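Okay, here's what each chain looks like letter by letter:
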Amino acid sequence: MNTEQRMHSDSVAVDGDVFATMFTLDLGDGEVDRDAVERIHAGEFDEWIEAAARSGLFTPQAVASLVQGWQENPKSLFDALLVDADEMTHKRYAIIWDALDDADTFESVEYA
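Residues numbered from 1 in each chain as written. Predicted model: local features only at pLDDT ≥ 70, side-chain atom pairs only at ≥ 80, totals over all residues. Heavy atoms only, no water.

**What about the confidence of the model for the protein chain?**
Part 1 of the reasoning: Residues at a pLDDT of 70 or more form 65% of the protein chain, whose mean pLDDT is 76.
Part 2 of the reasoning: Helix α5 (residues 60–72) holds the highest mean pLDDT among the elements of the protein chain, 92, whereas helix α1 (residues 3–14) holds the lowest, 40. (pLDDT = per-residue confidence, 0-100. Helix = DSSP H or I, 4+ residues; strand = E, 2+ residues; numbered from the N terminus.)

**A closer look at the nonpolar core**
Part 1 of the reasoning: Within the largest apolar cluster, 21 residues are counted, with the highest numbers of intra-cluster contacts made by F19, I40, W48, W70 and L77.
Part 2 of the reasoning: Those elements giving two or more residues to this core turn out to be α3 (34–41), α4 (46–55), α5, α6 (74–81) and α7 (87–108).
Part 3 of the reasoning: Considering each element in turn, this core owes the most residues, 5 residues, to α5.
Part 4 of the reasoning: Ignoring any residue separated from it by four or fewer positions in sequence, one finds I40 in contact with F45, W48, P74, L77, F78, L81 and W97. (Core = buried A, V, L, I, M, F, W, Y, C linked by side-chain atoms within 4.5 Å. Buried < 20%, exposed > 50% of the residue type's maximum accessible area, 1.4 Å probe, protein only. Contact = heavy atoms within 4.5 Å.)

**Focus on the packing of aromatic side chains**
Part 1 of the reasoning: Counted under the stated rule, the structure contains 2 aromatic pairs.
Part 2 of the reasoning: With a centroid separation of 5.9 Å and an interplanar angle of 55°, the aromatic rings of F45 and W70 are classed as tilted. Of the two residues, F45 is situated in the loop between α3 and α4 and W70 in helix α5; the sequence distance between them amounts to 25 residues. W70 carries the same exposure label as F45, and that label is buried. (Phe/Tyr/Trp six-rings, centres within 6.5 Å; stacked < 30°, edge-to-face > 60°.)

**Here's the deal with the environment of E72**
Part 1 of the reasoning: Looking at the element boundaries, E72 is found in helix α5.
Part 2 of the reasoning: Between the alpha carbons of E72 and G43 there is a distance of 9.4 Å; along the sequence they are 29 residues apart.

**Focus on α5**
Part 1 of the reasoning: The first and last C-alpha atoms of α5 sit 18 Å apart over 13 residues, in line with the 18 Å expected at 1.5 Å per residue.
Part 2 of the reasoning: Taken residue by residue, α5 has A62, V63, L66, V67 and W70 as its buried positions. Across the axial projection of α5, the buried residues extend over an arc of 135°, all falling on one side. Exposed side of α5, more than 90 degrees from the buried face: P60, Q61, Q71 and E72 are the residues found there. (Expected span 1.5 Å × (residues − 1). Arc of directions from axis to C-beta.)

Written as structure tokens, this is what we have:
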């Protein structure tokens, strides 16, 4: 890969397209991985950061950009991992994400 190709792939990687293609959730038997959704929702990205860094597809700067984006909006990682999922799988995962959002909202409500 020449420098020009590498620079182009870095710019693509920063918006997450390459990451989404390479690291989609393993949906092998169609089972929903609730633990993965909970980790992403909680901002625990270590396994995906490590995967991006070890892949050799991303410069350290591109990985840092991905991480910054995920920290600002964890749902961006969640959406990227589901980019190739069928509609029903995406809906099943979205239900879990929404339930976690609702739980966060419920826990933050103060009682009089």
